[in-house]
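Next come the chains, spelled out residue by residue.
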Amino acid sequence: MANSKHLLRWRPSLHPIFPTTSLSSRFSTSIAEPLFEPDHPLPLHSPPEPQPKPQSKSQCSQSNSELIISRMLANRVWTTRLQNSIRSIASKFDSNLVWNILHASTNSDQALKFYRWLERSNLFTHDAHTTLKMLQILTRFSKLNHARCILLDLPKKNLPYDEDMFVALIEGYGRAGIVQESVKIFQKLEQKSVKSYDALFKVILRRGRYMMTKRLYNAMLREGIEPTRHTYNILLWGMFLSLRLNTAIRFYQDMKSKGIEPDVVTYNTLIHGYFRFNKVDEAESLFVEMKEKNIVPNVISYTTMLKGFVDVGKVDRAVEVFEEMKSCGIKANAVTFTTLLPGLCDAGKLVEAGNLLWEMVERYIAPKDNSVFMKLMDCQCKAGNLDAAVDVLKAMVRLSIPTEAGHYGVLIESFCKARVYDRAEKLLDKLIEKDIVLRPENSFEIEASAYNPMIEYLCDNGKTVKAETFFRQLMKKGVLDPVAFNNLFCGHSKEGNPESALEIATIMSRRGVPSDADSYRLLIDTYLRKGEPTDAKTALDHMLEGGHQPDSSLYRSVMESLFEDGRVQTASRVMKTMVEKGVKENMDLVPKILEALLMRGHVEEALGRIDLLMLKGYEPDFDHLISTLCEKEKRIAALRLLDFVLERDIIIDFSIYDKVLDTLLAAGKTLNAYSVLCKILEKRGATDWSSCDELIKSLNQEGNTKQGDVLSRIIKEKVASPPKREGKKKASKVA
């Protein structure tokens, strides 16, 4: 592989497929922590792109072929047709062409199919360079089994093992967290060098296996392999990561004893490690020592110092280091800013934090961790600097950082607390318009403390539709806030939109969201004001299903509205519910409803209601009801009601009996009159009804002589013992 490094390779001018990840993100325990990869400090400036050399015609043709084939592999499914297309573009494949196509591939599956197809089709025999590139692609995309098979099949293809191939697999299994496989691959390598040891050290230290690292280090020394500065940098980093301070110090001493001078990465690692153990003085001493040795600190060095001072609460010292960094011409990176900003916020230095934010904007430095903006915004809001908090949001927009619902929520909550509702509403309009709440990548969701005051304000000011539009977006994210629901419920009712309010109530019931009784009272009143008693009854049913107990006045209002609208049976059902619930007040409509039922021929329903009333301790005025039915010539209803009275031994005035009998006789209902009279005689004894003789005569004339004889005999038997005329029962009656 040593020779392969010197081979000239031309690469097409494509965007890098596997960009180098930032060193701070690869090894940091948190995003704001400026950790780094040993021996790979962050550059102060991006290196200039290499200028391409003039190309020959054959090179230009090859470049076009690589570009076309790479795009085909990225955009088309692997089929025979695609294979034929590749054949037609490149008639001959060489090592450079295959390497560059693999390097430009963005799909590991397509790259592997292309790699194997070349070999199966005898178009190209892979060498060490193309094999290594394929292994690197597969390990980057965690296709470790495929990579392992390719590596172990090399002897069958008469290709020698290369240490870089083993290193690629060791690192691949390490990234996947499969340390034992990394160790097995390492053990299969016969000729080891410090490169393979360094790769394995990095893998096992990332998993905290510091004891295994010490054993491997001793084994490396026994094999006569001398560690390099890079090796010690890895060991120091790993030991500090495992919180093994003494072991790290011993490795550092061992490094110096071998005459290996520390570089900037070594010092950065040591400084960061000492800060992790809160050894601030030792870390500062190392920073001074580094500068005394003319080792120029880089941005990682200063960022590490910043983070160390911020972590121990020495924010003023961190600001001094930051100013020193700028005076040295070293430009802060995103990690530097996201390290210092939270410290300034915690220390209450919000003016300095704001200045630092706008420096980021002017240099267009967008951090990967958006939480720093949330923290800064929250601190500005708590300090009452609402304009400064809005500026944070504007800074995010200028840095092209996606704003999230949580960012807007902090501002909306603060504006609501300050009663600046117009500005809060403008922010809400942006949330709704851009569907920010529905973004799946949101890491900061809007809190109830933000949206509930906003929804309440909108519902109280005739903007319930807007509030509902916003809350329905929240519902899609799984929010089922009862406060918000009830505010919408009341808002629609107050605005005269009871249908929308009832729809909200239905959603609440279906999803098990608790409702407020006051919301239903408002809804029912709205329906009644609009002259829609049936819908008011539906709302009343919803209220009861929700476990609420309406007061007697609400029952009466619904009953009265239904009764006046001619919906007597519906009013009767409300009355039934009212009685079943044990309501005893506002019962003045009950007699009217019973009378209306009987008048309209709903006798069975009326009798059922009367039965329920009596069961609950209420007794209607039967005298009045029967008398009214007789006067209105509702003979059947009067007869059924009188039967009901007699069957239950309810005492009524004797004049009512006479009235019913007179009504039946006048209508020619002699048999009905005979039947009722017999029951009266049986239940109450003899009667002085003046029309008894006339009834007997009518029965005989109609051929019902048997009934006439029976009635005559009964009357004669009862004459001897006249009944005691009783007045009305002194029981409580329903007015």
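Residues numbered from 1 in each chain as written. Predicted model: local features only at pLDDT ≥ 70, side-chain atom pairs only at ≥ 80, totals over all residues. Heavy atoms only, no water.

1. Examining the overall build of the protein
We count it as follows: Helix numbers and strand numbers start at the N terminus; a helix is a DSSP run of H or I with at least 4 residues, a strand a run of E with at least 2. A 1.4 Å probe rolled over the protein chains alone gives each residue an accessible area, and that area as a share of the maximum for its type sets the label: buried under 20%, exposed over 50%, partly exposed in between. The contact criterion used is simple: two residues touch if any of their non-hydrogen atoms lie within 4.5 Å. Accessibility throughout is a Shrake-Rupley quantity obtained with a 1.4 Å probe, and a residue counts as covered only by protein chains that appear here.
The number of helices and strands found in the protein is 39 helices and zero strands. Within the protein, the proportion of its 735 residues that are buried is 50%. Taking contacts inside the protein between residues at least 6 apart in sequence as the whole, the part at least 24 apart equals 66%. When the accessible surface of the protein is split by element, carbon and sulfur atoms take 48% of a total near 35500 Å².

2. A word on the environment of glutamate 585
Looking at where glutamate 585 falls in the secondary structure, it is placed in the loop between α31 (568-580) and α32 (590-599). Judged by relative accessible area, which is 49%, glutamate 585 ranks as partly exposed. Leave out the neighbours within four places in its chain, and glutamate 585 touches Ser552 and Met578.

3. Observations regarding the nonpolar core
Generally speaking, soluble globular proteins have nonpolar side chains that are buried together. Put simply, the rule reads: Only buried Ala, Val, Leu, Ile, Met, Phe, Trp, Tyr and Cys residues count toward a nonpolar core, and they belong to the same one when joined by side-chain atoms within 4.5 Å.
Formed by 234 residues in total, the largest nonpolar core has its most connected members in Ile86, Phe93, Phe114, Leu431 and Phe470. If one sorts the elements of this core by residue count, helix α35 (residues 635-647) sits on top with eight residues. Those residues in contact with phenylalanine 114 that sit more than four places away from it in its chain are Leu73, Trp78, Ile86, Phe93, Val98, Ile101 and Leu102.

4. Considerations on the side chain of serine 552
Along the chain, serine 552 falls in helix α30 (residues 552-564). Exposure remark for serine 552: the relative accessible area of 13% places this residue in the buried category. Apart from residues no more than four positions distant in its own chain, serine 552 is found in contact with Met578, Val583, Glu585 and Asn586.

5. Thoughts on the packing of aromatic side chains
Applied cut-off: Only the six-membered ring of Trp is used, alongside the rings of Phe and Tyr, when aromatic pairs are assigned; centres must lie within 6.5 Å, and planes under 30 degrees apart are stacked while those over 60 apart are edge-to-face, with the rest tilted. Geometrically, a charge over a ring is one whose NZ (Lys) or CZ (Arg) sits within 6 Å of the ring centre while staying within 35 degrees of the ring normal.
As enumerated under the stated definition, the model contains 17 aromatic pairs in all. Plain terms: the ring middles of phenylalanine 287 and tyrosine 302 are 5.4 Å apart, the flat faces sit at 80° to each other, and that makes the pair edge-to-face. One end of the pair, phenylalanine 287, is in helix α15 (residues 280-292); the other, tyrosine 302, is in helix α16 (residues 299-311), and 15 residues separate them in sequence. Counting every residue linked through ring pairs, the aromatic cluster contains Trp78, Phe93, Phe114 and Trp117. Directly above the ring of phenylalanine 186 sits lysine 192, whose terminal nitrogen or CZ lies 5.1 Å from the centroid.

6. A few points about the side chain of threonine 570
With respect to the secondary-structure elements, threonine 570 resides in helix α31. Classification of threonine 570 by relative accessible area gives buried; the value is 14%. Ignoring sequence-local partners within four residues, the contact set of threonine 570 consists of Lys537 and Leu562.

7. Examining the pattern of salt bridges
Put simply, the rule reads: Every case where a carboxyl oxygen of Asp or Glu lies within 4 Å of a side-chain nitrogen of Lys or Arg is listed as a salt bridge.
Per the counting criterion, the structure on display carries 38 salt bridges. Taking the shortest distance from any N to any O, the salt bridge between lysine 307 and aspartate 311 comes out at 2.6 Å. Note that lysine 307 and aspartate 311 are positioned in helix α16 at a spacing of four residues, about one turn of the helix. A relative accessible area of 14% places lysine 307 in the buried class. Given the relative accessible area of 53%, aspartate 311 is considered exposed. Look at the salt bridges and you will find they share partners, linking Glu425, Asp429, Lys463 and Lys466 into a network.

8. Here we look at unusual backbone geometry
Among all residues save glycine, negative phi is the norm, and among peptide bonds the norm is trans. Even without being a glycine, leucine 243 presents a positive backbone phi close to 60°. Tracing the backbone through its elements, the reader meets leucine 243 in the loop between α12 (229-241) and α13 (245-257).

9. Observations regarding the confidence of the model for the protein
Test applied: The pLDDT value tells you how sure the predictor is about a given residue, anywhere from 0 up to 100.
A residue-level look at the protein finds 87% of positions with pLDDT of 70 or above and a mean pLDDT of 85. Taken together, the stretch residues 1-55 has pLDDT below 50 and engages in 104 contacts with residues farther than four places along the chain or on a different chain. Every residue in residues 724-735 is under pLDDT 50, and counting partners more than four places away or in other chains gives 25 contacts.

10. Focus on helix α14 (residues 264-276)
Operational definition: By this rule, a helix spans an expected 1.5 Å times one less than how many residues it contains.
Compared with an ideal rise of 1.5 Å per residue, which puts 13 residues at 18 Å, α14 spans 18 Å between its outermost C-alpha atoms and is within 8% of the ideal. Taken residue by residue, α14 has Val264, Val265, Thr266, Tyr267, Asn268, Thr269, Leu270, Ile271, His272, Gly273, Tyr274 and Phe275 as its buried positions. Check the buried side of α14 and you find it contacts α12, α13, α15 and α16.

11. Things to note about the packing of helix α22 (residues 405-417) against helix α24 (residues 448-460)
Short version of the rule: A fitted line through C-alpha atoms serves as each axis, taken over the contacting stretch for helices, and the angle formed by two N-to-C directions is quoted from 0 to 180°. Put simply, angles under 35 degrees are roughly parallel, angles over 145 are roughly antiparallel, angles from 65 to 115 are roughly perpendicular, and the rest are oblique. A clockwise turn of the near helix away from the far one marks a right-handed crossing, whereas an anticlockwise turn of less than a right angle marks a left-handed crossing. As a working rule, the residues Ala, Val, Leu, Ile, Met, Phe, Trp, Tyr, Cys and Pro are called nonpolar, Asp, Glu, Lys and Arg charged, and the rest polar, with Gly in that last group.
Two elements in contact, α22 and α24, have axes whose closest approach is 8 Å; the angle formed by their N-to-C orientations is 50°. Taken together, the axes of α22 and α24 are oblique relative to one another. Seen along the crossing, α22 lies across α24 with a hand that is left-handed. Each of Gly409, Ile412, Glu413 and Cys416 in α22 lies in contact with α24, whose residues at this interface are Ser449, Ala450, Pro453 and Met454. When grouped by side-chain class, the residues that make up the contact of α22 with α24 number five nonpolar, two polar and one charged.

12. Some remarks on helix α8 (residues 163-175)
This is how it is decided: Counting of polar contacts relies on pairs of N or O atoms within 3.5 Å, with two restrictions inside protein: one atom must be capable of donating a hydrogen and the other of accepting it, and residues adjacent in sequence are counted only when both atoms are side-chain atoms.
Under the 1.5 Å per step criterion, the end-to-end length of α8 is 18 Å for 13 residues, consistent within 8% with the ideal 18 Å. The buried count for α8 comes to eleven of 13 residues, which makes it a mostly enclosed element. Glu163, Asp164, Met165, Phe166, Val167, Ala168, Leu169, Ile170, Gly172, Tyr173 and Gly174 are the residues of α8 that are buried. One side-chain oxygen of the residue at the start of α8 lies 2.8 Å from the amide nitrogen of aspartate 164, identifying that residue as aspartate 162. Where α8 terminates, the next one or two residues include glycine 177, which has phi positive at roughly 80°.

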